[in-house]
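Next come the chains, spelled out residue by residue.
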Amino acid sequence: MSEKLQKVLARAGLGSRREMEAVIAEGRVSVNGEIVTLGTRVEEVDKIRLDGNPVNVIKEEDAVCRILAYHKPEGELCTRKDPEGRKTVFDRLPPLKSGRWIAIGRLDINTSGLLLFTTDGELANRLMHPSHEVEREYSCRIFGEVTPKIIQNLRMGVELEDGPAKFQKIKGVAAGTGGEGLNQWYNVLLSEGRNREVRRLWESQGIQVSRLIRIRYGSLVLDRRLPRGGWSELALEEINYLRTLVSLPPETTARSLERKETRIRQGRIRRSLKNNDARQKPTRSGRLGKEIEETNEPRGKGRTKPTGSGIPIHKGKKGPAKQQRGPKAKKRTRI
């Protein structure tokens with residue numbers, strides 16, 4: 001059975017389906033020795049090359065979907081290679097034997113928080129498409145006086161240069177979480193991912209965003225125990241949760257993730273980042289000390305103990321379920 005060429009390339013981990021459409025349009029792909037155009041369909045026996053290099057075609061039934069949750073720090077770019085040599089979000093990701101990691105959406109250079117990567121181009125394409133309206137929650141520290149009128153405007157919608165936009169929800173965060181005076185924290189909810197949309201919405205009301213952190217994507221919550229610059233691989237139930245969101249069939253197998261392996265990996269990540277300048281700042285004595293990230297998330301109370309990937313799943317208004325501690329703790333299903 002034939003398939004669209006861009007879908008086959010995306011499944012091989014060469015990029016999202018949209019990226020592959022652009023590559024085909026540029027004349028960089030050949031099938032059986034001939035340059036092809038958009039709309040080409042291929043069979044399993046066809047020989048496909050990208051920029052002259054053979055493409056390892058993966059059958060749909062053989063493809064194993066993998067997803068990483070990455071804690072992006074400020075100062076990293078969501079691009080594979082920067083001409084100026086700046087750090088990118090791909091620099092610390094684990095290597096793959098075949099294919100490559102595809103970022104599901106983007107965060108700008110001054111935004112930190114949860115960023116997902118996958119090896120499945122079709123999944124990435126669907127999750128990024130605005131028609132699926134996957135929720136994204138951000139914690140933002142803003143500078144300026146926020147009046148009830150401003151809140152109403154942002155909830156009802158304002159006109160930006162690329163069309164109308166609004167926050168689905170806006171919630172002020174209790175005092176004592178790092179904001180003083182005109183610096184206050186708010187949690188906001190969007191169901192699309194336009195460029196710098198959170199910042200531009202606040203700026204439309206004369207308010208500046210001084211700190212922006214993505215704390216949730218769908219029902220996947222950023223785990224505070226995952227260090228900035230660290231990653232954790234999602235377990236099968238979490239992978240299938242994301243696939244269900246965009247009407248893709250569930251996976252039956254996934255890379256095995258044991259609790260012991262996850263703990264060891266997170267320990268290695270923390271040690272490798274211990275002396276990273278991005279995570280440290282000088283103390284009064286001139287020595288380097290760990291930089292503490294200011295977020296509005298509660299400490300301890302209400303947090304879940306990680307299983308599988310270590311990424312807790314948001315349960316809505318009730319919050320994450322508490323989990324019994326100690327050696328007799330029972331495993332809980334978070335979906």
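A quick note: this is a predicted structure, and the numbers were derived from the prediction, not measured. (Residues numbered from 1 in each chain as written. Predicted model: local features only at pLDDT ≥ 70, side-chain atom pairs only at ≥ 80, totals over all residues. Heavy atoms only, no water.)

Description of the side chain of Asn 187
No. 1: Looking at the secondary structure, you find Asn 187 in strand 14 (residues 183-190).
No. 2: Polar side-chain contacts of Asn 187 include one of 3.5 Å to the side chain of Glu 137.
No. 3: A distance of 3.4 Å separates the side chain of Asn 187 from the side chain of Ser 139, its partner in a polar contact. (Helix = DSSP H or I, 4+ residues; strand = E, 2+ residues; numbered from the N terminus. Polar contact = N/O pair within 3.5 Å; in protein donor to acceptor, adjacent residues only side chain to side chain.)

Topic: helix 4 (residues 148-156)
No. 1: All of the buried residues along helix 4 are Ile 150, Ile 151 and Leu 154. Across the axial projection of helix 4, the buried residues extend over an arc of 100°, all falling on one side. Set apart from the buried face of helix 4 by more than 90 degrees, the exposed residues are Pro 148, Lys 149 and Met 156.
No. 2: Close packing links the buried residues of helix 4 with strand 13 (169-172), strand 14 and helix 5 (197-203).
No. 3: Remark: Gly 157 follows helix 4 within two positions and exhibits a positive phi of approximately 120°. (Buried < 20%, exposed > 50% of the residue type's maximum accessible area, 1.4 Å probe, protein only. Arc of directions from axis to C-beta. Contact = heavy atoms within 4.5 Å.)

Thoughts on the environment of Arg 100
No. 1: Within the element layout of this structure, Arg 100 appears in the loop between strand 7 (67-72) and strand 8 (102-104).
No. 2: Owing to a relative accessible area of 27%, Arg 100 belongs among the partly exposed residues under this scheme.
No. 3: Note: C-alpha distance between Arg 100 and Gly 15 (85 residues apart in sequence) is 7.4 Å.
No. 4: Look past the residues within four positions of Arg 100 in its chain and what remains in contact with it is Gly 13, Leu 14, Gly 15, Glu 19, Met 20, Arg 80, Thr 118 and Thr 119.

Description of the packing of aromatic side chains
No. 1: Tallied over the full model, the rule gives 4 aromatic pairs.
No. 2: Here the aromatic rings of Phe 90 and Phe 117 are separated by 5.4 Å at their centres, their planes lie at 75°, and the arrangement is edge-to-face. Separated by 27 residues along the polypeptide, Phe 90 in the loop between strand 7 and strand 8 and Phe 117 in strand 9 (residues 112-118) bring together distant segments of the chain. Here the two residues Phe 90 and Phe 117 agree in accessibility, since each one is buried. (Phe/Tyr/Trp six-rings, centres within 6.5 Å; stacked < 30°, edge-to-face > 60°.)

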